[in-house]
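# Tertiary structure, described
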Amino acid sequence: MHKKATYLIPYLLWIGLFVIAPMALIVYQSFFNITGHFTLGNYEQYLTNGVYLKMTFNSILYALIITLSTLLISYPTALLLNRLKNKQLWLLLIILPTWINLLLKTYAFIGLFSQNGSVNDFLRFVGLGSHQILFTDASFIFVAAYIEIPFMILPIFNSLAELKPSMINASRDLGANSWQTFRRVILPLTMPGVKAGFQAIFIPSLSLFMITRLIGGNRVITLGTAIEEHFLVTQNWGMGSTIGVILILAMFVVMYLTRDRKVKGGRIR
Amino acid sequence: MKKWRISNLYLALVFIVLYLPIFYLIFYSFNVGDTMDHFSGFSWRHYATLLSDSRMISIVLNTLIIALLSSLIATIVGTMGALGIYSAKKATVKNGLLSLNNVLMVSPDVIIGASFLIFFTFLGFSLGFGSVLLSHIAFSIPIVVLMVLPKINELPKTMVDAAYDLGASSWQTLTKVILPAITPGIFAGYFMAFTYSLDDFAVTFFVTGNGFSTLSVEIYSRARQGVDLEVNALSTLMFIVSLLLVVGYYLLGRYNQNRRLQRVKAAEAKINQ
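A few points on the structure. Residue numbers restart at each chain and count upward from 1, following the sequence in its written direction. Lettering of chains starts at A and numbering of ligands starts at 1, both following the order in which they are written. Totals for whole chains, interfaces and linings use every residue, but because this is a predicted model, local features are given only for residues with pLDDT of at least 70 and side-chain atom pairs only at 80 or more, for both listing and counting. The side-chain quantities take in all heavy atoms of the structure and omit both hydrogens and water.

### Quick look at the side chain of B:Asn101
- Mapped onto the elements of the fold, B:Asn101 is located in helix α4 (residues 91-106).
- Throughout, exposure labels follow a simple rule: accessible area from a 1.4 Å probe, protein chains only, divided by the maximum for the residue type, with under 20% read as buried, over 50% as exposed, and the rest as partly exposed. Looking at B:Asn101, the relative accessible area reads 0%, which means it is buried.
- Two N or O atoms count as a polar contact when they lie within 3.5 Å, although within protein this holds only if one can serve as hydrogen donor and the other as acceptor, and sequence-adjacent residues are included solely when both atoms are side-chain atoms. A distance of 3.3 Å separates the side chain of B:Asn101 from the side chain of B:Asn102, its partner in a polar contact.
- Those residues within four positions of B:Asn101 in sequence are excluded, and the remaining contacts are A:Tyr11, A:Trp14, B:Pro142, B:Val145 and B:Leu146. Only DSSP runs of H or I with at least four residues qualify as helices, and only runs of E with at least two residues qualify as strands; both kinds are numbered from the N terminus onward. Residue contacts follow a heavy-atom distance rule, with two residues in contact if any of their heavy atoms lie within 4.5 Å.

Right, here's the structure in full:
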C-alpha cells in the first residue's frame, strides 16, 4: 500500500496543481475587480451590460453556424468515404491536414482571400468581380469550418463503419426505400458519431480567438476572443475569468445535451 | 452510373478544398517575389532567408526541446497515473480519477491558458521556458493516460496473478509483465503528446510571457503583420515533417497491431499445446 502511494505522487500532484488549482483559481479570480477588491460586480456587469450578453449570444450563434455547416459537409463525405475501396487510406488523407500546424492553415487563407488572391482571381475570371473577402463574417465561418471538418468526419465515419450491413439489408427487405432506410436506420444509428462531432467542434468554436483575429479582422468577437482580450490586452483578469466561468458552464451544458458517448481523441487545439 | 459520378465529384471537391490551402502555401514559398498573390518566378530565396534567420532557427529548436521534454515527462507521469487508475479498487475512486483526468481534455484551450496564467502568477512563477514546459506537460498527461489505460485494461488479470503465484515481486511483475505488455500504448501516448505540444498555440500564447516564443506563437505574430514568404518556406518544411510523423505513426500502429496479433497467436498456440 505504501509503495502504491509513492509512484502515484507525481500524478496526484498533477491533478492537484494543474487540474484542480487552476480551475479553482479562475472561479476565485472572477470575484475580483481590476483593482483587486472582492466583488460580485463582474457577474453583475456581465448580466446587466448588454454588450456581454450580446457577445455571448453572437458567439453561440457563430459556433452553431460553424458546427452545423461542418456537419452538413461532413455527413455526406463520411457516407461516401465509407463506400470506397481502401477506405482507411482515404480516411488517413482526411486526417492528414489536421497534422499541419493550425496557424499555417489559417495563414494560407490570408493569401487566398486577399484582394488580389486566388479566390478573387477566380471570381473575376467567372465574371463575378472582386470582393472584400478577408475580414468578413463569412470568411471567419469558412476558415473555422475548414479547420474543424476532419474532426466531424472522423466520428461519423467511425459510427458508420460500426453499422452492421445486415441492418440496412433488413430495412431494404422490409420494403423501405433508400431515403427511408437513411432516415429511419442509418441516421439514428450514427447519432452517437454526430453528437461526438458536435461536441468536438462546438466547444472549441466558442473559444476560438486566433482565427477571429487573423481572418475575422476583430469584427467577430467570440467568448475566447473576449477572454484573451481581458487577460492579455486590458489586463482585467476578473472580468476575463468571469467570461471563462461562463464558457465552462456553456461547456457543461453542451456536454450534457450531447451526452451518451465520450469524445474519442478529445481536444482540438 | 450518374449517381456514382456526382458522389465522386463531391468527394473530390472536399479533398481539393482540404488540400488547396496547404499546397497554395507550399507553391508560393518558391515565389521569387514577396507576395502570395502573384507568382513571378521560381526561386529558393525564401528558404535561404529562413536558414539564415537565426531567431527563427532558435525558435524551432525551442519548440522541439519543449515538445521532446514535455512529452517525455508527461509519458512517465501519465503511465504511472494510468497504472494508479487501473489499480484503484473502489469504482468511485477510479471514476473520480478518470473524470479529473479528462478535465483538461475537454476544456477549451483558452480556459487552460488563462487558468494556468493565473496559477503561475499566483505562485510568482516567472513566465518563459519553465512555464511553457510545465503547461505542455500538464495538458499532455491526460492524453498519455487515455492511450495507456486501454492497454492495461486489455492485459488479462490472470497474467498478473500468474506472475505473483510464480513468486515475482510487485516490481518484477511491473517491469517484466505489465510494462512490456503496455509498451505500444506508452509509445502511442508519447507520440500524441509530442504532436499536441508541437501544435499548441492558445495555451502557449497565454503563458509564454515576453522573450520566449514557440513556432505557433511566432507564426501568429508574423501573420498579424501580413504575408511573409519566409513563413511559407517554413510551412513547406513543416508539411514534410508532419508527413513523416504520420507515416511513422501509421507504421507504429501497424507494428503494434502485428505484435499484438503475434502475441495472440503465441498465446493460442500455448493454450492449444
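### Some details on the interface of chain A and chain B
- Counting residues at the interface gives 79 residues for chain A and 83 residues for chain B.
- A simple way to read buried area is as the amount of 1.4 Å-probe accessible surface that goes missing from two parts once joined, with both sides added. Both faces combined, the contact of chain A with chain B buries some 7,200 Å², and carbon together with sulfur accounts for 77% of it.
- Put simply, a salt bridge is a Lys or Arg side-chain nitrogen that is within 4 Å of an Asp or Glu carboxyl oxygen. At the boundary of chain A with chain B, the tally comes to 0 salt bridges.
- The interface formed by chain A and chain B includes 12 residue pairs in polar contact (both at pLDDT 80 or more).
- Broken down by element, the side of chain A that touches chain B gets its largest block of residues, 20 residues, from helix α1 (residues 2-29) of chain A.
- Under this grouping Gly is polar, as are all residues other than the nonpolar Ala, Val, Leu, Ile, Met, Phe, Trp, Tyr, Cys and Pro and the charged Asp, Glu, Lys and Arg. Residue composition of the side of chain A that touches chain B, grouped by class: 55 nonpolar, 16 polar and 8 charged.

### Points about unusual backbone geometry
Residue and element names in this part refer to chain A.
- Look at Asn-86: it is not a glycine, yet its phi comes out positive at around 50°.
- For Asn-86, the location among the structural elements is in the loop between α3 (50-81) and α4 (87-95).
- Although it is not a glycine, Gln-235 sits at a positive phi angle of roughly 60°.
- Assignment of secondary structure puts Gln-235 in the loop between α12 (223-233) and α13 (237-257).

### Notes on the nonpolar core
- Membership of the largest hydrophobic core comes to 156 residues, with the highest contact counts inside it found for A:Tyr11, A:Trp14, A:Ile227, B:Phe116, B:Phe201 and B:Phe206.
- Here this core gets 13 residues from one element, more than from any other, and that element is helix α7 (residues 137-162) of chain A.
- Leave out the neighbours within four places in its chain, and B:Phe116 touches A:Phe18, A:Pro22, B:Leu104, B:Ser135, B:Ala138, B:Val203 and B:Val207. Working definition of a nonpolar core: buried Ala, Val, Leu, Ile, Met, Phe, Trp, Tyr and Cys residues. They are joined through side-chain atoms within 4.5 Å.

### What about the packing of aromatic side chains?
- Pairing of aromatic side chains requires ring centres within 6.5 Å, counting the rings of Phe and Tyr and the six-membered ring of Trp. Pairs whose planes differ by under 30 degrees are stacked, by over 60 edge-to-face, and all others tilted. This structure, assessed with the given rule, holds 44 aromatic pairs over all chains.
- Between A:Phe18 and B:Phe116 the ring centres are 5.5 Å apart and the planes differ by 75°, which places this aromatic pair in the edge-to-face class. One end of the pair, A:Phe18, is in helix α1; the other, B:Phe116, is in helix α5 (residues 109-123), on a second chain. When sorted by exposure, A:Phe18 lands in the same class as B:Phe116, which is buried.
- Taking 6.1 Å as the distance between ring centres and 80° as the angle between the ring planes, the aromatic pair formed by A:Phe209 and B:Phe206 counts as edge-to-face. Taken together, the residues A:Phe209 in the loop between α10 (191-207) and α11 (210-214) and B:Phe206 in helix α9 (residues 202-207) connect one chain to another. When sorted by exposure, A:Phe209 lands in the same class as B:Phe206, which is buried.

### What about the pattern of salt bridges?
- Applying the stated rule across the entire model yields 9 salt bridges over all chains.
- Residue A:Arg213 is joined to A:Glu229 by a salt bridge in which the shortest nitrogen-to-oxygen separation is 3.0 Å. On the criterion of sequence distance, the pair formed by A:Arg213 in helix α11 and A:Glu229 in helix α12 is long-range, its members being 16 residues apart.
- Take A:Glu229: its relative accessible area is 30%, and that puts it in the partly exposed class.
- Notably, a salt bridge pairs B:Arg222 with B:Glu230, separated by 3.3 Å at the nearest N-O pair.

### A closer look at the environment of A:Leu91
Residues and elements named next belong to chain A.
- Following the sequence through the fold, Leu-91 ends up in helix α4.
- Taking the C-alpha atoms as reference, Leu-91 lies 35 Å from Phe-57; in sequence the two are 34 residues apart.
- Beyond its immediate sequence surroundings of up to four residues, Leu-91 is in contact with Leu-154 and Phe-157.

### Notes on a nonpolar patch on the surface
Residue and element names in this part refer to chain B.
- A contiguous nonpolar surface patch, about 810 Å² in accessible area, is contributed by Ile-57, Leu-61, Leu-64, Ile-65, Leu-68, Leu-69, Leu-72, Ile-73, Ile-76 and Phe-129.
- Among the elements that line the nonpolar patch, the one with the most residues is helix α3 (residues 54-87), at 9 residues.
- Relative to the helices and strands, Ile-76 resides in helix α3.
- Judged by its relative accessible area of 49%, Ile-76 is partly exposed. Two distance rules govern patches: like charges are joined within 9 Å, and nonpolar side chains (Val, Leu, Ile, Met, Phe, Trp, Tyr) within 5 Å, applied only to residues with over 30% relative accessible area and no salt bridge. Accessible surface area values rest on a Shrake-Rupley calculation with a 1.4 Å probe, where residue burial reflects the displayed protein chains alone.

### A few points about α7(A)
Residues and elements named next belong to chain A.
- In this scheme, a helix's expected span is set at 1.5 Å multiplied by one less than its residue total. The terminal C-alpha atoms of α7 lie 37 Å apart, and with 26 residues this matches the ideal 38 Å at 1.5 Å per residue to within 8%.
- Fitting one axis to the seven residues ending at a residue and another to the seven starting there, the bend at that residue is the angle between the two axes. Roughly 40° is the biggest bend found in α7, and it falls at Glu-148, with proline Pro-150 one to four residues downstream.
- α7 sits mainly inside the fold: 19 of its 26 residues count as buried.

By themselves, these figures tell us nothing about what the structure is for.
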